[in-house]
Amino acid sequence: MGIVVVELCESNEINNVEIEAIIESEYPEVAVLVNECLSFCGFCRFKPYAMVNGKRVSGKTTDECLVRIRAAIEEELSFYQ
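In this report, we go over the structure that sits alongside the text.

Rules behind the numbers
Residues numbered from 1 in each chain as written. Predicted model: local features only at pLDDT ≥ 70, side-chain atom pairs only at ≥ 80, totals over all residues. Heavy atoms only, no water. Pairing = 2+ DSSP bridges. Helix = DSSP H or I, 4+ residues; strand = E, 2+ residues; numbered from the N terminus. Axes fitted to C-alpha atoms, helices over the stretch in contact; angles between N-to-C directions. Salt bridge = Lys/Arg side-chain N within 4 Å of Asp/Glu carboxyl O. Buried < 20%, exposed > 50% of the residue type's maximum accessible area, 1.4 Å probe, protein only. Left-handed = near helix turned anticlockwise from the far one by under 90°. Contact = heavy atoms within 4.5 Å. Nonpolar A, V, L, I, M, F, W, Y, C, P; charged D, E, K, R; others polar.

**A short note on the sheet that holds strand S2 (residues 30-35)**
By way of backbone hydrogen bonds, the strands of a sheet pair with one another, either parallel or antiparallel.
(1) Moving on: If you walk across this open sheet you meet the four strands as S2-S1-S3-S4, and the pairing is mixed. The sheet terminates laterally at S2 and strand S4 (55-58), the two strands that pair on one side only. For this sheet, the mean inter-axis angle between neighbouring strands, taken without regard to orientation, is 25 degrees.
(2) Moving on: Strand direction decides the pairing type here: strand S1 (residues 4-9) and strand S3 (residues 49-52), joined by two bridges, are antiparallel.

This is the structure in structure tokens:
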């Protein structure tokens, strides 16, 4: 388990890219968990999002969301440097 946890809803469009492989290869200290549901009913259909250490991170597009996920990870990791 990583010191930063990124949780994804399997129904969200962010999963259309290999986000788990991308994030875990860039950040070995991050664990990516794909859950059946993150209980944000309906939000999955509207925009890509993820939970980074319990904080919701979203974007208008998958690319924008991925950029924001990386920024949230960097912010979380800054506490350990």
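**Examining the pattern of salt bridges**
(1) Moving on: All told, the structure shown has three salt bridges when counted by the stated rule.
(2) Moving on: The salt bridge partner of lysine 55 is glutamate 76, with a shortest N-O separation of 2.9 Å. One end of the pair, lysine 55, is in strand S4; the other, glutamate 76, is in helix H3 (residues 62-77), with 21 residues separating them in the sequence.
(3) Moving on: Measuring nitrogen to oxygen at the nearest pair gives 2.8 Å for the salt bridge that ties glutamate 64 to arginine 68. Residue glutamate 64 and its partner arginine 68 are both found in helix H3; the two are separated by four residues, about one turn of the helix.
(4) Moving on: The class for glutamate 64 is partly exposed, based on a relative accessible area of 24%.
(5) Moving on: A relative accessible area of 42% places arginine 68 in the partly exposed class.

**Here's the deal with the packing of helix H1 (residues 19-26) against H3**
(1) Moving on: Contact geometry for H1 and H3: axes closest at 12 Å, N-to-C directions at 35 degrees. Classified by chirality, the crossing of H3 by H1 is right-handed. For the pair H1 and H3, contact is made by Ile19, Ile22, Ile23 and Glu26 and by Leu66, Ile69, Arg70 and Ile73, respectively.
(2) Moving on: Of the residues assigned to the contact of H1 with H3, the class counts are six nonpolar, no polar and two charged.

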